[in-house]
Structure formats: structure tokens, C-alpha cells
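Spelled out, the chains give:
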Amino acid sequence: MKTLRAKGALILSFAFTGMPSIMFILLGVYEFWEGDIKSGIFYIFILPIPCILLGALSGIRIYRTHWIRYGEGKIIIRRVSKERVNGRPVGKWENREDEFMVQEIESYGLAWQILGHYVEYHLSSRGKVTNECFFQIKGGKQVGFEMMYYTKKLQELFDYIYDETGIEFKSKSRKH
């Protein structure tokens, strides 16, 4: 079985915490330029460390708890999310792991564009960049996961599903 890791979470975490770190370092260089050695050392060596650690810890946490395995006729999706009731998150964060056979998939695609709502509440749902993929499983079960964590390797999963079932990834509703 192949495993897709949430490498995008590491990239995003370092990007969001790297920007303030760079700003602090530039401010430290400016302080050195102005002759204030103590402030320069503080801005270059002290302030960026918590930012970098925060980015590393949050990225690693998501990387460890989010993955997708596929092959041998099945898919396993591991993530941390909350239930959604009437569009709002409810309950505690839960480690979820869903396993289903590829042949059980009725459809899959972008949740908001196809369903008009998201299936689950993800860590990234707090912002406006949520891009959730959902799987509609026979029996009515829906499984969602955040796509932005998986970079470009996600297309391999979609190709695998298409090869096994003939079902294509849906990104726009056919109602329009």
C-alpha cells in the first residue's frame, strides 16, 4: 500500500512562522547597523526561536496525525477533525481513521462545490482556505479530509480510484 503523508502541513507551518522570524532577523540586522548590539542579538537569536519551534511543533503534529493509505482495493484515511452539525463544529477534536473498499465509493470530490457544505471540521477550517475532499460511501456515509496537507501526490490517489472504479474526481456541481 502507498502512503500519502501530510507534507503540506509542514510547509504551511514553516511558511507562517518563518515570515515573522525573517522580520525579526531583519530588524536585528538593522539594530546592529545602528550600533545597538544587545537589541540586535535579541532580535536575531532570541525572538525567532519560539516562532520556529512553534512552526515545527504544529507542522509535525499534523504530519503525524494525518495520512492516507491506498492500494489492494482499499483506502484508509487518518485525520483529526470534529463533527459538523448545521455547519458548526461540535464536540471535541477526534482522531479519526476510516477504512473502506474502493468499490464502495459512490462519488468523491470537493465537498463545498458538490454538496454545498463541508463534511467535517478540520484544523484548517478556522480560516478561509479550507479545501475539503469527501468520499460518498455506499450506505450514505461521508468521509472528508483536508486536501491542502497532501500537496501534488493526491492526484496519484485519484488516478488509483479512477483506475479501480472508473469514477472521476468532481470539482464542480453538475447542477449549474
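Heads up: the structure comes first, above all this text.
Description of the structure in this document. (Residues numbered from 1 in each chain as written. Predicted model: local features only at pLDDT ≥ 70, side-chain atom pairs only at ≥ 80, totals over all residues. Heavy atoms only, no water.)

Side note on the sheet that holds strand S7 (residues 132-137)
Phase 1 of the analysis: Ordered by their spatial adjacency, 3 strands build an open sheet running S5-S7-S8, and the pairing between neighbours is antiparallel. Only two strands of the sheet have a single partner each, and these edge strands are strand S5 (105-110) and strand S8 (142-146). Mean inter-strand twist for the sheet, computed between neighbouring axes without regard to direction, equals 15°.
Phase 2 of the analysis: This element, helix H5 (residues 154-165), spans S5, S7 and S8 of the sheet and lies at about 150° to S5. (Pairing = 2+ DSSP bridges. Helix = DSSP H or I, 4+ residues; strand = E, 2+ residues; numbered from the N terminus. Axes fitted to C-alpha atoms, helices over the stretch in contact; angles between N-to-C directions. Contact = heavy atoms within 4.5 Å.)

Considerations on the nonpolar core
Buried together is how nonpolar side chains tend to be arranged in soluble globular proteins.
Phase 1 of the analysis: With 28 residues, the main nonpolar core has Ile68, Ile75, Ile105, Phe135, Phe145, Leu154 and Leu157 as its most contacted residues.
Phase 2 of the analysis: The set of elements that each furnish at least two residues to this core consists of strand S2 (67-71), strand S3 (74-85), S5, S7, S8 and H5.
Phase 3 of the analysis: With 5 residues, the top contributor of residues to this core is H5.
Phase 4 of the analysis: In this view, Ile75 contacts Ile68, Arg69, Tyr70, Asp98, Glu99, Phe100, Val102, Ile105, Leu157 and Ile161; residues no more than four positions away in its chain are not counted. (Core = buried A, V, L, I, M, F, W, Y, C linked by side-chain atoms within 4.5 Å. Buried < 20%, exposed > 50% of the residue type's maximum accessible area, 1.4 Å probe, protein only.)

Observations concerning the side chain of Thr17
Phase 1 of the analysis: Tracing the backbone through its elements, the reader meets Thr17 in helix H1 (residues 7-34).
Phase 2 of the analysis: By relative accessible area, Thr17 is classed as buried at 12%.
Phase 3 of the analysis: If near-sequence neighbours (up to four positions away) are discounted, Thr17 is found in contact with Cys51, Leu54 and Gly55.

Re helix H3 (residues 48-65)
Phase 1 of the analysis: With 18 residues, H3 extends 26 Å between its outermost C-alpha atoms, agreeing within 8% with the 26 Å of an ideal straight helix rising 1.5 Å per residue.
Phase 2 of the analysis: Pro48, Cys51, Gly55, Ala56, Gly59, Ile62 and Thr65 are the residues of H3 that are buried.
Phase 3 of the analysis: As for H3, its buried residues are in contact with H1, helix H2 (37-46), S2, S3 and strand S4 (88-101). (Expected span 1.5 Å × (residues − 1).)

Quick notes on the packing of aromatic side chains
Phase 1 of the analysis: Taken as a whole, this structure holds 11 aromatic pairs when the rule is applied.
Phase 2 of the analysis: Centroid distance Phe145 to Tyr150: 5.8 Å. Interplanar angle 80°. Geometry classified as edge-to-face.
Phase 3 of the analysis: With relative accessibility at 1%, the residue Phe145 sits in the buried group.
Phase 4 of the analysis: Accessibility expressed as a relative area gives 2% for Tyr150, which makes it buried. (Phe/Tyr/Trp six-rings, centres within 6.5 Å; stacked < 30°, edge-to-face > 60°.)

Examining unusual backbone geometry
Phase 1 of the analysis: Of note in this structure, Glu72 is not a glycine but carries a positive phi near 55°.
Phase 2 of the analysis: Relative to the helices and strands, Glu72 is located in the loop between S2 and S3.
Phase 3 of the analysis: Accessibility expressed as a relative area gives 64% for Glu72, which makes it exposed.
Phase 4 of the analysis: Even without being glycine, Asn86 reaches a positive phi, approximately 55°.
Phase 5 of the analysis: By the element assignment, Asn86 lies in the loop between S3 and S4.

Topic: H1
Phase 1 of the analysis: An ideal rise of 1.5 Å per residue puts 40 Å on 28 residues; H1 measures up with 40 Å between its terminal C-alpha atoms.
Phase 2 of the analysis: Taken together, the buried positions of H1 are Gly8, Ala9, Ser13, Thr17, Gly18, Ser21, Gly28 and Glu31.
Phase 3 of the analysis: Where H1 is buried, its residues contact H2 and H3.
Phase 4 of the analysis: Downstream of H1 by a residue or two, Gly35 has a phi angle that is positive, lying close to 95°.

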